[in-house]
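The chain contents come next:
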Amino acid sequence: MPDRLVCNSSMISAHLGRRRPDAVEPMLPALLRGAIFISTLAVPFVAALLAG
């Protein structure tokens, strides 16, 4: 049982240590999708403003 706890705690710390630098990367595609979505919503309004 103590061996299992040591193994689990080392796996958790290794997982957390590995995850910190990569935490920003999954957010970038989501931000890009959000920007594309908002720009597609804004296209008709911008076209109407330009048309006068």
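Everything discussed here concerns the structure shown above.
Just so you know, these numbers come straight off a predicted model, no measurement behind them. (Residues numbered from 1 in each chain as written. Predicted model: local features only at pLDDT ≥ 70, side-chain atom pairs only at ≥ 80, totals over all residues. Heavy atoms only, no water.)

### Let's talk about the overall build of the chain
Broken down by element type, the chain carries two helices and zero strands. Counting all 52 residues of the chain, 0% fall into the buried class. Entry remark: accessible area of the chain is about 4900 Å², with carbon and sulfur atoms responsible for 73%. (Helix = DSSP H or I, 4+ residues; strand = E, 2+ residues; numbered from the N terminus. Buried < 20%, exposed > 50% of the residue type's maximum accessible area, 1.4 Å probe, protein only. Areas by Shrake-Rupley, 256 points an atom, 1.4 Å probe, with all protein chains shown as cover.)

### Points about helix H2 (residues 27–51)
Taking 1.5 Å of rise per residue, 25 residues should cover 36 Å, and H2 covers 36 Å from first to last C-alpha, within 8% of that figure. Along H2, the sharpest change in direction is near 35 degrees and occurs at Ala42; proline Pro44 comes one to four residues later. (Expected span 1.5 Å × (residues − 1). Bend = angle between axes of the 7 residues up to and from the residue.)

### Some words on a nonpolar patch on the surface
Nonpolar side chains collect at one region of the surface, where Met27, Leu28 and Leu31 lie side by side and expose about 320 Å² of accessible area between them. Note that Leu31 resides in helix H2. (Patch = residues over 30% accessible without salt bridge, like charges linked within 9 Å, V, L, I, M, F, W, Y side chains within 5 Å. Salt bridge = Lys/Arg side-chain N within 4 Å of Asp/Glu carboxyl O.)

Interpretation in functional terms is not warranted from these geometric data alone.
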